[in-house]
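Survey of secondary and tertiary structure
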Amino acid sequence: MLITIPDLLSAEHIRQCRQALESADWTDGRATAGHVAVDLKNNRQLALDNPIGRQIGDLITQALRRHPVFQSAALPAHILPPRFNRYEGGEHYGFHIDNAFFRVPGVAPADPAQARPAASQAMHAAAPASCLLRTDISTTVFFSDPDEYDGGELIIQDTYGEQRVKLPAGQAVVYPGTSLHRVTPVTRGVRYGSFFWTQSLVRDDGRRALLLQQDVAIQRLIQSGADADTVSQLTGVYHNLLRLWAEP
Ligand code: NI
């Protein structure tokens, strides 16, 4: 299931983000590529702890948490911190499937020195809090308008063939993390984007698609003034399917 979110960020937010991204300190994207992807990946990224990336990442995450279409389609359990890339001068990223898991730093206790005896302090220093999250869903947010660059299309292979995605700045595409995808060479201008993953309550894309279809149908029935008991029954089925398929 591939969906686009046309109204994720406001025009003012897009303008502020672009300004910040243009002045940011970009590094070679190959630094974070796995041993297979390193030969395919040719772009620049923001370091994971870059404050500009963190700030814009928070803005994106908050917008997604408020967005009814994303909530309904993705059923997010955890949204991983957004990352940022920049392509220009023929840079591209060949066909690949993203890693299944990423380790994300967690929140450490406020003051472990006060709460823990010396032995466990040492353990804590050796293994900082972090968690392993599954990349069920991929999202790309575009920060350049299509007329600002040539190439730079996100090509996604799904059940129905190849999808070519190139959206206006501030819009997002959401697609299964299991998809083979690539970014074609940017031959003019600069393409700024954000990409990240979501661990869903429902890991299977087909099941998520069924739940979304049912959710949309229920909303339409409510809007059309359908019989309340029938709507309530269908809503119950939705929640029972979710209970059956959801994982923590
Ligand atoms: Ni990728």
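Our subject is the structure listed above.
For every chain, the first residue of the written sequence is number 1, and numbering continues from 1 along that sequence. Where local features are concerned, this predicted model is filtered to residues with pLDDT of at least 70; where side-chain atom pairs are given and counted, the filter is 80 or more; whole-chain, interface and lining totals use all residues. With hydrogens and water set aside, each side-chain value is computed from the structure's full complement of heavy atoms.

Observations concerning the layout of surface pockets
- Method remark: on a 1 Å grid restricted to protein atoms, a set of points is classed as a cavity if a 1.4 Å probe fits but cannot get out and as a pocket if it is open with protein on both sides within 12 Å along at least five of seven lines; lining residues have an atom within 4 Å of a point. Grid points are joined across faces, edges and corners, and a volume is the space filled by probe spheres set on the points. Reported here for the largest pocket is a volume of approximately 590 Å³.
- Forming the walls of the largest pocket are 26 residues, and the residues nearest its centre are R54, L80, P81, V104 and P105.
- Only DSSP runs of H or I reaching four residues or more are called helices, and only runs of E reaching two or more are called strands; each is numbered from the N terminus. Sorting the residues of the lining of the largest pocket by element identifies α2 (51–66), β5 (76–79), β6 (83–88), β8 (101–105) and β9 (130–134) as the ones contributing at least two each.
- Among the elements that make up the lining of the largest pocket, the one with the highest residue count is α2 (six residues).
- Classifying every residue of the lining of the largest pocket gives 15 nonpolar, six polar and five charged.
- Considering only enclosed or pocket space, the second largest pocket measures out at about 450 Å³ in volume.
- Lining of the second largest pocket is provided by 29 residues; of these, Y93, H96, D98, F195 and W197 occupy positions nearest its centre.
- Looking at the lining of the second largest pocket, the elements with two or more residues in it are β6, β7 (92–96), β10 (137–142), β15 (180–183) and β17 (190–200).
- At four residues, the largest contribution of residues to the lining of the second largest pocket is made by β17. Here the term charged refers only to Asp, Glu, Lys and Arg, the term nonpolar to Ala, Val, Leu, Ile, Met, Phe, Trp, Tyr, Cys and Pro, and the term polar to all other amino acids, Gly among them.

Digging into the coordination of the nickel ion
- For Na, K and Ca the donor cut-off is 3.2 Å; for every other metal, N, O and S atoms count as donors within 2.8 Å. Water does not enter the count, which can leave sites looking incomplete. Around the nickel ion, the donor atoms from the protein are H96 (NE2), D98 (OD) and H181 (NE2), and they sit 2.1 to 2.2 Å away.
- Partly exposed residues are those whose accessible area sits between 20% and 50% of the maximum for their type, while under 20% is buried and over 50% is exposed, using a 1.4 Å probe and protein chains only. Taking relative accessible area as the criterion, H181 reaches 5% and is therefore assigned buried.

Some remarks on the packing of aromatic side chains
- Aromatic pairs are defined between Phe, Tyr and Trp rings, using the six-membered ring for Trp, whenever the two ring centres lie within 6.5 Å; interplanar angles under 30 degrees are classed as stacked, those over 60 as edge-to-face, and all others as tilted. For the structure on display, the rule yields four aromatic pairs.
- Plain terms: the ring middles of W26 and Y192 are 5.8 Å apart, the flat faces sit at 50° to each other, and that makes the pair tilted. Taken together, the positions of W26 in strand β2 (residues 26–28) and Y192 in strand β17 put the pair 166 residues apart, joining distant regions of the chain.
- Taken together, a centroid distance of 5.8 Å and an interplanar angle of 90° make the contact between F195 and W197 edge-to-face. Considered together, F195 and W197 belong to a single accessibility category, that of buried residues.
- Each member of the aromatic cluster is reached from another via a ring pair, and the members are F102, F195 and W197.
- Note on criteria: charge over ring means Lys NZ or Arg CZ within 6 Å of the ring centre, with the direction from the centre no more than 35 degrees off the ring normal. Sitting over the ring of Y149, K166 keeps its end group 4.3 Å from the ring centre.
- Note that R182 overlies the ring of F95, its terminal NZ or CZ placed 5.2 Å from the centroid.

Section: helix α7 (residues 228–245)
- One fewer than the residue count of a helix, multiplied by 1.5 Å, yields its expected span. Counted at 1.5 Å a residue, the expected span for α7 with its 18 residues is 26 Å, and the 26 Å between its end C-alpha atoms agrees.
- V231, Y238, L242 and W245 are the residues of α7 that are buried. Along the axis of α7, the buried residues cluster in a sector spanning 80°; they form a single face. Opposite its buried face, α7 presents the exposed residues D229, Q233, R243 and L244, each directed more than 90 degrees away.
- Looking at the buried positions of α7, the neighbouring elements they touch are α6 (205–223). Throughout, the arc means that of the directions going from the helix axis to the C-beta atoms. A contact between two residues is defined here by any heavy atoms of the two lying within 4.5 Å.

Some details on the side chain of H181
- Tracing the backbone through its elements, the reader meets H181 in strand β15.
- Of the polar contacts made by the side chain of H181, one reaches the backbone oxygen of S179; its length is 3.0 Å.
- Ignoring any residue separated from it by four or fewer positions in sequence, one finds H181 in contact with G94, F95, H96, I97, D98, L154, I155, I156 and Y175. Pairs of N or O atoms within 3.5 Å make up the polar contacts considered here, provided that, within protein, one atom can donate a hydrogen while the other can accept it, and that residues adjacent in sequence are counted only when both atoms are side-chain atoms.

Remarks on empty space enclosed by the protein
- For the structure on display, the rule yields one cavity of 30 Å³ or more.
- What the largest cavity holds in volume is close to 50 Å³.
- What lines the largest cavity is simply M1, I3, A73, A74, I137, V174, Y175, P176, D205 and R208.
- Breaking the lining of the largest cavity down by element, the ones donating at least two residues are α3 (68–74), β14 (172–176) and α6.
- Tallying contributions element by element places β14 first for the lining of the largest cavity, with three residues.

Focus on the pairing of β10
- By the criterion of burial, β10 is predominantly enclosed, with six of the six residues buried.
- Burial of β10 is two-sided: the residues I137, T139 and V141 facing one way and the residues S138, T140 and F142 facing the other way are all buried.
- Only when DSSP finds a minimum of two bridges between them are two strands counted as paired. Looking at chain direction, β10 and β14 are connected through five bridges and run antiparallel. Among the inter-strand pairings, T140 is bridged to a residue of β14, identified as V173.
- Bridging between β10 and β17 involves six bridges; their strand directions are antiparallel. When the sheet's bridge partners are listed, I137 is paired in β17 with T198.

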